[in-house]
Structures are given as C-alpha cells and as structure tokens.
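Inside the fold
Listed here are the chains, written in short residue letters.
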Amino acid sequence: MHEPEEAAAPAAGHGHGEQWHEIREVFRSKWHVFTGACVSWMLFNFVGYGQSTFSSIICEQMLGLAGNSVYSAVSRDAWFALVLGICAAMGNLVGFVLEAKTSRCGHQLIGFAGMATCNLVNGTLLGVLPQSMAWLLVAIFCVNAVAHAQVGITTYLVPTESFPAVARGTCVGLSAACGKVGAAVGTGLFPTVQATLGLGSVMTFCGGLLLFACVVTWNMTPRGGDLAKGSLERQDFRW
C-alpha cells in the first residue's frame, strides 16, 4: 500500500524543476513586457513618492510663506493635502472609466503624458509667475494628481494581467520591488536636490523622466487584444 507513495516522490521534484523551466520560458517570451512593467513602476514611484511625501515643500514654494505662526503653516499644508487627496479620488473615478474604454498601454500613456506635461509646465512657470497667479501652479499640480491616479492603476494591472499563473506572482513581486526602489531613491533625493537646485529644476527633471516613461510605455506595455477578456484563462491553459 505504501509503494505508490514512494514512487510519487520523484515526480514531485520533477514538477518543481519543470515549473522553473516554465517560468524561464515566460521571461524569455515576455521579457519586454516585464522590463516595461519594472521600469514604468520604478519611474512612477520615483516621481510620485518624492512629490507626495514632501508636498508641504511644494506648497510653500508655490504659494510662498504662510505667515509667521506655525498654526497658519500647518493649516495651509493640511488644506493643500486635502485638495490633492480629493483630486486623487477624482482621478480614480476617471480611471474607472478609462480602464474599461482604453488599452492598458493607452491608459498608462495618458497618465504619464499628463504627469509629464504638468511637471514641465510647473517647472517652467515656477519663479516666473507673479504671486497673484500662484493659484495656477496649484491648479496644474491638481491635474497632475488626477494623472497620477491613472498610472497608479495601470502599474498594478499590467504585471498582474500580462503573465500566466506559473510566473504571475514572481513577475508582480519583482515589478513591485522595482517600484519600491524608485520610491526609496526618489524620496531620499527630493529634499536634497530641491534645496540645491530649486523646485523648478526638480519638476523639470521629473517631467523629463516621465516623458521617458511614455516612450517605455509605448514600446513595452501591451495594447489592443493582449489583455482582452478571457486572456488570463487562455494564458494559464497554454502554459
């Protein structure tokens, strides 16, 4: 009665080796999608985490000093963060509509292009506009928050939907790890570079990175029928 169980043990080891072989095959056939997911997530977090973590610095640079009291400064920063949060929530509603009507490539491209435009415009206008027009900088930054939400959606969806079950967890985990690296580097560099070069230069540089992210998205993110309904099931069956 015990002989079949002993005979089954080698098959389990063979299955494990076969699984790694299948994972390597997935990476070989979808390396461009995997690379695009990793680079997109890294660039997105590099820009997004630095700006969101130090939004109080951005608020002060755009609107000027909020008086001499600590209360007035904290109050204005809180209102600034609240407005950005509302814009991000609105961006998620926009993303809910775009997710159903556009490809993952098109959706992510809209987000990156919007962020790039907002950062480049604000980087150019910062320090040039008179203080009476500071509301325009804030309005553009709010649009940036809406665009930011679009990429926040697609960076999760693309690696989740682009790989079969045998490699999906590995690919999503590595893509997310690249995102965390971008977040750590962006957050660490933002205050130092901003103090040295100024917020305008930082935002212009971020705009340039986001334009590069547009190129990566266009060339490496699936579009069209690659992520059509039922494609995950077909991929899992194939592999």
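In the nomenclature of an unreviewed UniProt entry, the protein corresponds to Major facilitator superfamily (MFS) profile domain-containing protein from the organism Prorocentrum cordatum. As its UniProt record puts it under Subcellular location (unreviewed entry), the protein is described as follows: "Membrane".

Side chains three or four residues apart in an α-helix point the same way, a direct result of the helix having 3.6 residues per turn. Its 22 residues give helix α5 (residues 104-125) an end-to-end C-alpha distance of 32 Å, which sits within 8% of 32 Å, the value for a rise of 1.5 Å per residue. Burial in α5 covers these residues: Arg104, Cys105, His107, Gln108, Gly111, Phe112, Met115, Ala116, Cys118, Asn119, Asn122 and Gly123. If you follow the buried residues of α5, they end up packed against α2 (31-53), α3 (55-63), α4 (70-101), α6 (134-161) and α8 (199-220). At the exit of α5 stands Gly127, carrying a positive phi of roughly 90°.

Below, the discussion takes up the UniProt feature "transmembrane region" (unreviewed entry) in the protein. Feature annotation in UniProt assigns "transmembrane region" (unreviewed entry) to the following positions: residues 33-58, 78-98, 110-129, 135-158, 170-190 and 196-218. Summarising residues 78-98: 100% helix, 0% strand, and an end-to-end C-alpha distance of 30 Å. Its end C-alpha atoms 27 Å apart, residues 110-129 is made of 80% helix and 0% strand.

With respect to the element layout, Asn119 can be found in helix α5. The exposure class assigned to Asn119 is buried, which follows from its relative accessible area of 0%. Polar side-chain contacts of Asn119 include one of 2.6 Å to the side chain of Gln51. Contact partners of Asn119, with chain neighbours within four places excluded, come to Gln51, Asn144, Met203, Thr204, Cys206, Gly207 and Leu210.

On to α8. Across its 22 residues, α8 extends 31 Å between first and last C-alpha, which sits within 8% of the 32 Å expected from 1.5 Å per residue. Within the span of α8, buried status applies to Leu199, Gly200, Val202, Met203, Cys206, Gly207, Leu209, Leu210, Ala213, Cys214, Val216 and Thr217. Structurally, α8 contributes buried residues whose contacts are with α2, α3, α5, α6 and α7 (165-197).

Any pair of aromatic rings gets described here by the distance separating the centres and the angle formed by the planes. Going through the model one piece at a time under the given rule, you end up with 4 aromatic pairs. Measuring from centroid to centroid gives 6.5 Å for Phe34 and Phe163, while their planes differ by 75°, and the two rings are edge-to-face. On the criterion of sequence distance, the pair formed by Phe34 in helix α2 and Phe163 in the loop between α6 and α7 is long-range, its members being 129 residues apart. Just as Phe34 is buried, Phe163 falls in that class too. Between Phe80 and Phe141, the ring centres sit 6.1 Å apart and the planes meet at 10°, which makes this aromatic pair stacked. With Phe80 in helix α4 and Phe141 in helix α6, the pair connects residues that are 61 residues apart, well separated along the chain. Accessibility classification places Phe80 together with Phe141 in one group, the buried group. Between Arg223 and the ring centre of Trp218, over which it is positioned, the NZ or CZ distance is 4.4 Å.

Rules used in this analysis
- Residues numbered from 1 in each chain as written.
- Predicted model: local features only at pLDDT ≥ 70, side-chain atom pairs only at ≥ 80, totals over all residues.
- Heavy atoms only, no water.
- UniProt positions renumbered as here; feature names shortened; annotations may be inferred.
- Helix = DSSP H or I, 4+ residues; strand = E, 2+ residues; numbered from the N terminus.
- Expected span 1.5 Å × (residues − 1).
- Buried < 20%, exposed > 50% of the residue type's maximum accessible area, 1.4 Å probe, protein only.
- Contact = heavy atoms within 4.5 Å.
- Polar contact = N/O pair within 3.5 Å; in protein donor to acceptor, adjacent residues only side chain to side chain.
- Phe/Tyr/Trp six-rings, centres within 6.5 Å; stacked < 30°, edge-to-face > 60°.
- Lys NZ or Arg CZ within 6 Å of the ring centre and 35° of its normal.

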